[in-house]
2 protein chains.
Amino acid sequence: MRYDVWAPDAANVEVEAGGRRHAMAPSPVRRGWWTAEAEGEDYGFVVDGKGPFPDPRSPWQPDGVHGLSRAYDHGAFAWTDGAWRGRPLAGGVLYELHVGTFTPEGTFDAAVERLDHLVALGVDAVELMPVAAFPGRHGWGYDGVHLWAVHDPYGGPDGLKRFVDACHARGLAVVLDVVYNHLGPSGNYLGEYGPYFTDDHRTPWGPAVNLDRAGSDEVRAFIVENALMWLRDHHLDGLRLDAVHALSDERAVHILEELAVAVDGLRAATGRELFVVAESDLGDPRLVTSREAGGYGLDAQWNDDFHHALHSALTGERQGYYCDFGSMGALAKTLRGAFFHDGTWSTFRGRSHGRPVDRLRTPGHRFAAFLQNHDQVGNRATGDRISATLSPGLLKVGAGLLLTSPFTPMLFMGEEWGATTPWRFFTDHQEPELARAVSEGRRREFATHGWASEDVPDPQDPETYRRSVLDWTEPSRPEHRELLDWHRDLIALRRSCPELTDARLTEIDVEHDESWIVVYRGSVRVAANLGADPVRLPDGELLLASAPGIRPGGELPGESLAILRMD
Amino acid sequence: MRYDVWAPDAANVEVEAGGRRHAMAPSPVRRGWWTAEAEGEDYGFVVDGKGPFPDPRSPWQPDGVHGLSRAYDHGAFAWTDGAWRGRPLAGGVLYELHVGTFTPEGTFDAAVERLDHLVALGVDAVELMPVAAFPGRHGWGYDGVHLWAVHDPYGGPDGLKRFVDACHARGLAVVLDVVYNHLGPSGNYLGEYGPYFTDDHRTPWGPAVNLDRAGSDEVRAFIVENALMWLRDHHLDGLRLDAVHALSDERAVHILEELAVAVDGLRAATGRELFVVAESDLGDPRLVTSREAGGYGLDAQWNDDFHHALHSALTGERQGYYCDFGSMGALAKTLRGAFFHDGTWSTFRGRSHGRPVDRLRTPGHRFAAFLQNHDQVGNRATGDRISATLSPGLLKVGAGLLLTSPFTPMLFMGEEWGATTPWRFFTDHQEPELARAVSEGRRREFATHGWASEDVPDPQDPETYRRSVLDWTEPSRPEHRELLDWHRDLIALRRSCPELTDARLTEIDVEHDESWIVVYRGSVRVAANLGADPVRLPDGELLLASAPGIRPGGELPGESLAILRMD
């Protein structure tokens, strides 16, 4: 078989395969690449005598991130989804899922056993947290180091394919979270091969991925071809790009635009629904603006402002990045215009932030919205879900405002039944020094917010991971049943009621005072009472109410929500 | 009088004025600012006991960059240009001028004495190299450290105003080169006051100016208000922004857009022609794309690709950044589409570069073009002008192709008569260590290109500066007269012939082989023969020819150019 690798500055590259080293020759067609024919499943590359290192594009790391790579034939899998063309992002509901804690087994195959729950819930797409190979067995996945390989403890590449195939069989799309802004601290051998990183930009994780300096063409191709690989070879329906604000790129064609163009090409070639969603802290509408209008043309971006506005309105929390939020006016502003920070002062950032969204031209579904997600839960000191803070009534109010919003709503696994299991930050680093640094870093981070060491779970403690696993006895228990039904009812109403998926931001109006808010969605009104005292409801037809006895023209009790159709 | 300064992290700020220290109070209206009333012309600020340092917005540094600042009343100058409304950039010709070497005196007042030469030449606007206060007496000005002060050895703020007033009296606009991407290595006290710089981006000069991190609102205001100050208080007609590719800014509103919006505001408020031109190595049309179409809306950007294409076609040079240029096809491509690198591989950069210009929507005058400029001359080892390399015939061919181009042509002082004086890199650093570092750095830089130490002029040697001063006996000498007349004739033809200022890139066509090129400009043909052998001219009306005896339908001799109007 043929082995290829990019190593532009190397004088000599060999491939170690089948236990032997074979010389590689410079590619006659691709600048900086080396190529060789050799036999062997497990292989690595030796660069100027150093190595063997795993393949930067390794498809499989059965022996961990430091081990040899294993050849893998994408053509061998017996797909059954030949009729599948995908589901559009517009109008859909996402469900964020972490393979390692979705089930006790923590595998793709075990996750398949729970898909019927998602079908019954009514979501459109599963959003998988990163599955690229990362160090250790357990982890969130954001310190992946083999971006082309599927984490072997989850089930490896075949496991992912079985999962995707099973989702498609049930009408569920699958979105994959991919991390192109950094690599994890252990098992990253890219620097041995070429200029994958640059010191000219700094990210929270160190030197930035080299997108705009010498050698960056191949780094960009590494990213773009990786994205296409997931969509093409693993039949993924979409990608969620992690933290694109850390993709520093001063080129005339931004990597996000290049990536969106490439995915559009695949979309056109296959007729499949494919979409790309960016997690962004830029507050920049350009990401989802059409390329004809000077944007990058991504399908959606995460809307943290909506989360912060909703979370702080419900909980009253004002710490950290919540400090500019909390008023019902902030929530109303994000419902109307997606961004709260549209050029306004951000206390947390110490500067002005964001830019107004063109409400006439930008449909609301270009913003993914959530009441919870892995970060908003897991980045709290003890990983407590919002259900640990809110009353059952306010939990339902939160879900109601989310699922009737003009955005693309996303749930975080277990949110639908108010899971009592926390979702914590956990790692499984094998190097003692790195393990200690991660544990201490976590404690230190929260010490600055007044947390005592012993109250902050140790990420390296296996118990921290285990406590984060969903408890599947919960959804069928009576105390969870009501919230689960509420989510099902809301999603079903959203699907049956075109006013709720109408994504025109110019068509939304909002009325509110400091304790209640009414969202106008065409002839539909979503009335939410976040306060303790009842407020009066208008007349109309009741579509859904979060508590019994609510009637149009009557009272909306404290901490409840009603959805009405006006006559 | 009132003193104000931004020092957001200081616990205590004092102003030293009139030889005494006065406490300052936090501003009640502007976050992080301090304010005090005190008397005294010369002043500085004491930040947490350190200082006094010069004012970051010092209007005048009569005692050098390290000295106290001096108060200056912009309202006191007796302007005579009340009727002046400016000249549009579109259709104009720029003339780049370095005050320190334009005349032996090196002052604004001495430069005024030479303005009639520029009027006779026919240019529209003088582009002043930076005049912000920089260390030492002589220098290019790109290591300025007091961005609000006019270099005192040039004549200080009143000197600049006299110069601008005199230009306006003669119908000349004045553009100022401003440097916002870094400060010089000596006399930069900004860091004593606040977070003006960030380590998150790196430039060739060190940490980047902080445009997008905490505290950046005031840094951006420092830049935008500085730009407005020049245009408003010094009556400048335009700004040339130095090296905007080193302005790293990941905000949703780029500083260039913010600046363009602010200048538009001043334009609307005053009815003056005002323009902003960016020097850019981004190859990005977005800079000059309208804001309605997602661009920044600057008026023009420098077109180095055209320079490289023209320079290498004329000289045959292929070293360094010329290596992808040299063919007549490259020149033809830049004439049609402004950029040569429109996404193509750049050997010098080690990556692909640029993006295509939308030729239908982008007028050619949005690109400033030149055969020479201060960098292209001064960054050569010995500062030799292109006239030292080219035959008189090819010099005229170069000028002809430049001044009939669809771009905004710019001449570098002395180019119009083929000045024999070089224009070298010179500095006047006072600190011995810095002076030595600059001298050695220059030698080292050129040693890598094979230059012997003794052949590279020492920037700190006063003779290096003196040799760079224009010799005003030259333009009236017979051996310079012909080239000067040629430039005057070309500029006059450009002004009288609408085809030549037609900036529609879609209307240009080019025919060429490897030694000649014909540029179609409406019914006008610019035929240039860069080779030695004669070529045949089409029939038509001769508008201008670079050598005697050239007739339509006859021969165009080697190294000559003719401009014809077709019947």
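Residue positions are given per chain, counted from 1 along the sequence in the order it is written. Chain labels run from A onward and ligand labels from 1 onward, assigned in the order the entries are written. With the structure being a predicted model, the display of local features is reserved for residues of pLDDT at least 70 and the display and counting of side-chain atom pairs for 80 or more, all residues being used for whole-chain, interface and lining totals. Based on all heavy atoms of the structure, the side-chain values leave hydrogens and waters out of the count.

Trainee: Explain the overall build of chain A here, please?
Mentor: The helix and strand labels rest on DSSP assignments: H or I over at least four residues marks a helix, E over at least two residues marks a strand, and numbering proceeds from the N terminus. Along its length, chain A carries 15 helices and 29 strands. Throughout, the Shrake-Rupley method with a 1.4 Å probe supplies accessible areas, and for residues the shown protein chains are the sole cover considered. Accessible area of chain A: about 20,400 Å², with a carbon and sulfur share of 50%. Residues scored as positive are Lys and Arg, those scored as negative are Asp and Glu, and His as well as the terminal groups of each chain are ignored. In plain terms, the charge of a residue is placed at NZ if it is Lys, CZ if Arg, CG if Asp and CD if Glu. In chain A, 55 positive and 85 negative side-chain charges are present, and the distance between their average locations comes to 3 Å.

Trainee: In this structure, what is going on with the sheet that holds strand β5 (residues 33-37) of chain A? I would like to understand it.
Mentor: Hydrogen bonds along the backbone pair up the strands of a sheet, which may run parallel or antiparallel. Residue and element names in this part refer to chain A. DSSP calls a pair of strands paired once it identifies at least 2 bridges connecting them. Strand order in the open sheet formed by three strands is β1-β5-β4, and the pairing between neighbours is antiparallel. What marks the edges here is a single partner per strand, and that holds for β1 (2-6) and β4 (25-26). Pairing of β1 with β5 involves five bridges; the strand directions are antiparallel. Looking at the pairing, Asp 4 lines up with Thr 35 of β5.

Trainee: Explain the pattern of salt bridges here, please?
Mentor: Residue and element names in this part refer to chain A. Salt bridges, as used here, are contacts in which a Lys or Arg side-chain nitrogen is within 4 Å of a carboxyl oxygen on Asp or Glu. Scanning the model with the defined rule gives 82 salt bridges over all chains in all. Across the pair Asp 4 and Arg 2 runs a salt bridge, and its minimum N-O distance is 3.0 Å. Through salt bridges with shared partners, a single ionic network connects Glu 127, Asp 177, Arg 240, Asp 242 and Glu 279.

Trainee: Is there a simple way to explain empty space enclosed by the protein in this structure?
Mentor: Left-over empty space is what a probe sized like a water molecule reveals as it rolls over the atoms. Whether a set of points on the 1 Å grid over the protein atoms alone is a cavity depends on a 1.4 Å probe fitting there but being unable to get out, while an open set qualifies as a pocket with protein on both sides within 12 Å along at least five of seven lines; lining residues are those with an atom within 4 Å of a point. Grid points are joined across faces, edges and corners, and a volume is the space filled by probe spheres set on the points. A full pass over the atoms with the stated rule returns 16 cavities of 30 Å³ or more. Considering only enclosed or pocket space, the largest cavity measures out at about 530 Å³ in volume. Around the largest cavity sit 33 residues that line it, and Asp 249, His 254 and Tyr 296 of chain A together with Asp 249 and Tyr 296 of chain B are the ones nearest its centre. Each residue gets one of three labels, nonpolar for Ala, Val, Leu, Ile, Met, Phe, Trp, Tyr, Cys and Pro, charged for Asp, Glu, Lys and Arg, and polar for the others, Gly among them. Split into classes, the residues belonging to the lining of the largest cavity amount to 13 nonpolar, eight polar and twelve charged.

Trainee: Please clarify how the side chain of His 146 of chain B should be interpreted in this entry.
Mentor: All names here are of chain B. With respect to the secondary-structure elements, His 146 resides in strand β12 (residues 146-150). Polar side-chain contacts of His 146 include one of 2.8 Å to the backbone oxygen of Val 65. Two residues qualify as a contact provided that any one of their heavy atoms is within 4.5 Å of a heavy atom in the partner residue. Not counting residues within four places of it along the chain, the set of residues in contact with His 146 comprises Pro 54, Asp 55, Ser 58, Gln 61, Val 65, Ala 132, Ala 133 and Gly 187. Counted as a polar contact is a pair of N or O atoms within 3.5 Å, where, for protein atoms, one must be capable of donating a hydrogen and the other of accepting one, and residues adjacent in sequence contribute only when both atoms are in side chains.

Trainee: Would you mind going over the UniProt feature "active site" (unreviewed entry) in chain A with me for this structure?
Mentor: Residues and elements named next belong to chain A. UniProt positions are given in the numbering used here, feature names are shortened, and annotations may be inferred rather than shown by experiment. Using the residue numbers shown here, the UniProt feature "active site" (unreviewed entry) corresponds to Asp 242 and Glu 279. These annotated residues cover 38 residues of sequence, but their C-alpha atoms sit close together, with the largest distance between any two at 5.3 Å. As for its position among the elements, Asp 242 is in the loop between β16 (238-241) and α7 (255-270). The buried label goes to any residue with under 20% of its type's maximum accessible area, the exposed label to any with over 50%, and the partly exposed label to all in between, with areas taken from a 1.4 Å probe on protein chains only. For Asp 242, a relative accessible area of 7% puts it in the buried group. Those residues in contact with Asp 242, other than ones at most four positions away along the chain, are Tyr 142, Asp 177, Val 178, Val 179, Asn 181 and Glu 279. Inspection of the secondary structure assignment puts Glu 279 in the loop between β17 (275-278) and β18 (300-302). Glu 279 gets classed as buried once you look at its relative accessible area, which sits at 10%. In contact with Glu 279, not counting residues within four places along its chain, are Arg 240, Leu 241, Asp 242, Ala 243, Val 244, His 245, Trp 302 and Asp 375.

Trainee: Where do I start with the confidence of the model for chain A in this structure?
Mentor: Where the model shows low pLDDT, its predicted coordinates should not be examined in detail. pLDDT gives the predictor's per-residue confidence on a scale running from 0 to 100. With 100% of its residues at a pLDDT of at least 70, chain A reaches an overall mean of 97. For this predicted complex, the interface score ipTM comes out at 0.93, alongside a pTM of 0.95.

Trainee: Whenever I open this one, the nonpolar core confuses me. Can you help?
Mentor: Grouped burial of nonpolar side chains is what soluble globular proteins tend to show. Core analysis: the biggest nonpolar cluster contains 151 residues, and Leu 128, Val 131, Phe 163, Tyr 180, Trp 230, Leu 401 and Ile 517 of chain B have the highest contact counts within it. Beyond its immediate sequence surroundings of up to four residues, Trp 230 of chain B is in contact with Val 131, Leu 147, Trp 148, Ala 149, Val 150, Leu 160, Leu 176, Val 178, Tyr 180, His 235, Leu 236 and Leu 239 of chain B. Definition used in this section: a nonpolar core is a set of buried Ala, Val, Leu, Ile, Met, Phe, Trp, Tyr and Cys residues joined via side-chain atoms within 4.5 Å. Among the nonpolar cores identified, the runner-up in size contains 149 residues, and Leu 259, Leu 298, Ala 338 and Tyr 465 of chain A belong to it.

Trainee: What am I meant to see in unusual backbone geometry here?
Mentor: Trans is the prevailing form of peptide bonds, just as negative phi is the prevailing case for residues other than glycine. Cis geometry marks the peptide bond from Gly 51 of chain A to Pro 52 of chain A; its omega dihedral reads 5 degrees. Structurally, the position occupied by Pro 52 of chain A is in strand β7 (residues 50-53). Not every positive phi belongs to a glycine, and His 235 of chain B is a case in point at roughly 60 degrees. Residue placement: His 235 of chain B occurs in the loop between α6 (216-233) and β16 (238-241). Take His 235 of chain B: its relative accessible area is 18%, and that puts it in the buried class. Of note, Glu 559 of chain B is a non-glycine position whose phi angle comes to about 55 degrees, a positive value. Within the secondary structure, Glu 559 of chain B sits in the loop between β28 (555-556) and β29 (560-565).

Trainee: I would appreciate a short explanation of the sheet that holds strand β17 (residues 275-278) of chain B in the present structure.
Mentor: Residue and element names in this part refer to chain B. The strand order around the closed barrel formed by eight strands is β9-β10-β13-β16-β17-β18-β21-β22, and the pairing between neighbours is parallel. Here the strands of the sheet are splayed against their neighbours by 30 degrees on average, with no regard to which way each runs. Of the strand pairs in this sheet, strand β21 (residues 367-370) and strand β22 (residues 408-412) are connected by three bridges, and their pairing is parallel. Paired with Ala 369 across the two strands is Pro 409, which belongs to β22. Lines fitted to C-alpha atoms define the axes here, with helix axes fitted over just the stretch in contact, and angles between the N-to-C directions of these axes take values from 0 to 180 degrees.

Trainee: I would appreciate a short explanation of the interface of chain B and chain A in the present structure.
Mentor: You'll often see interface size given as the accessible area lost when the parts meet. On the chain A side, the residues contacting the 32 residues of chain B number 32 residues. The term buried area denotes the loss of accessible surface (1.4 Å probe radius) that occurs when two parts are joined, taken as the sum for both partners. Regarding the contact of chain B and chain A, the summed buried area is about 2,700 Å², with carbon and sulfur atoms giving 36% of it. Run the count over chain B and chain A and you get four salt bridges. For Asp 200 of chain B, the salt bridge identified is with Arg 202 of chain A, shortest N-O distance 2.9 Å.

Trainee: Can you walk me through the relation of the copies chain B and chain A in this structure?
Mentor: The relation between the two copies of this chain is a rotation about an axis and a shift parallel to it. Superposition of the copies used a least-squares fit over C-alpha atoms from residues whose pLDDT is at least 70 in both. Note on the copies: chain B fits chain A at an RMSD of 0.0 Å, the axial shift is 0.0 Å, and the rotation between them is 180 degrees. The transformation just described matches what one would write down for a two-fold rotation axis. With an isologous cut-off of 70% or more, the 100% of interface residues of chain B that recur at the interface of chain A puts this contact in the isologous class.

Trainee: What am I meant to see in the pairing of strand β20 (residues 351-354) of chain B here?
Mentor: Side-chain positions along a regular strand alternate between the two faces of the sheet. Residues and elements named next belong to chain B. Bridge count for strand β19 (residues 342-346) against β20 is four bridges, and the pairing is antiparallel. Opposite Ser 346, over in β20, you have Arg 351 as the bridge partner. Counting the residues between successive antiparallel strands, the hairpin from β19 to β20 contains four residues, one of them, Gly 350, with a positive phi of roughly 70 degrees.

Trainee: I'm lost on the UniProt feature "domain: Glycosyl hydrolase family 13 catalytic" (unreviewed entry) in chain A in this one. Help?
Mentor: The UniProt entry lists residues 76-442 of chain A under the feature "domain: Glycosyl hydrolase family 13 catalytic" (unreviewed entry), expressed in the numbering used here. A helix fraction of 32% and a strand fraction of 17% characterise residues 76-442 of chain A, whose end C-alpha atoms lie 43 Å from each other.

Trainee: I tried to follow the pairing of β17 of chain B on my own but got confused; where do I start?
Mentor: Residues and elements named next belong to chain B. Across the two faces of β17 the burial is the same, with Phe 275 and Val 277 and Val 276 and Ala 278 all buried. Looking at chain direction, β16 and β17 are connected through four bridges and run parallel. The partner of Gly 238 across the bridge, within β17, is Phe 275. When the strands point away from the viewer and the connection leading from the first strand across the helix to the second strand turns clockwise, the crossover is called right-handed. For the crossover from β16 across helix α7 (residues 255-270) to β17, the handedness is right-handed.

Trainee: In this structure, what is going on with the packing of α6 of chain B against α7 of chain B? I would like to understand it.
Mentor: All names here are of chain B. At a minimum axis separation of 10 Å, α6 and α7 run at an interaxial angle of 35 degrees. Classified by chirality, the crossing of α7 by α6 is right-handed. Of the residues in α7, those touching α6 at Arg 220, Ile 223, Val 224, Ala 227, Leu 228, Leu 231 and Arg 232 are Ile 255, Glu 258, Leu 259, Ala 262, Val 263 and Leu 266. Looking at the contact of α6 with α7 residue by residue, the classes come out as ten nonpolar, no polar and three charged. What makes a crossing left-handed is the near helix being turned counterclockwise from the far one by less than a right angle; a clockwise turn instead makes it right-handed.

Trainee: What's the story with the packing of helix α8 (residues 304-315) of chain B against helix α11 (residues 392-403) of chain B in this structure? I'm lost.
Mentor: Packed helix pairs are specified by the crossing angle of their axes together with the interaxial distance, meaning the distance between the axes. Residue and element names in this part refer to chain B. Orientation of α8 relative to α11, taken along the N-to-C sense of each, is 155 degrees, at an axis distance of 10 Å. One way to sum up the angle between α8 and α11 is to call them roughly antiparallel. In the packing of α8 onto α11, the handedness of the crossing is right-handed. Within the contact between the two elements, α8 uses Phe 306, Leu 310 and Leu 314 and α11 uses Leu 394, Val 397, Gly 398, Leu 401 and Leu 402. Residue composition of the contact of α8 with α11, by class: seven nonpolar, one polar and no charged. An angle counts as roughly parallel when it lies under 35 degrees, as roughly antiparallel when it exceeds 145, as roughly perpendicular when it falls between 65 and 115, and as oblique in every other case.

Trainee: Looking at this model, I keep getting lost on the side chain of His 235 of chain A. Mind explaining?
Mentor: A polar contact of 2.9 Å, which involves the side chain of His 235 of chain A, links it to the side chain of Asp 81 of chain A. Among all residues touching His 235 of chain A, those that are not within four sequence positions of it are Trp 79, Asp 81, Val 164, His 168, Trp 230 and Arg 272 of chain A.

Trainee: Before we go on, may I ask you to explain helix α11 (residues 392-403) of chain A in this structure?
Mentor: One full turn of an α-helix is made of 3.6 residues, so residues set three or four places apart face in the same direction. Residue and element names in this part refer to chain A. What a helix is expected to span follows from its residue count: subtract one and scale by 1.5 Å. Taking 1.5 Å as the rise per residue, α11 with twelve residues should run 16 Å; its terminal C-alpha atoms sit 17 Å apart, in good agreement. In terms of burial, α11 is a largely internal element, ten of the twelve residues being buried. Listed in full, the buried residues belonging to α11 are Leu 394, Leu 395, Lys 396, Val 397, Gly 398, Ala 399, Gly 400, Leu 401, Leu 402 and Leu 403.

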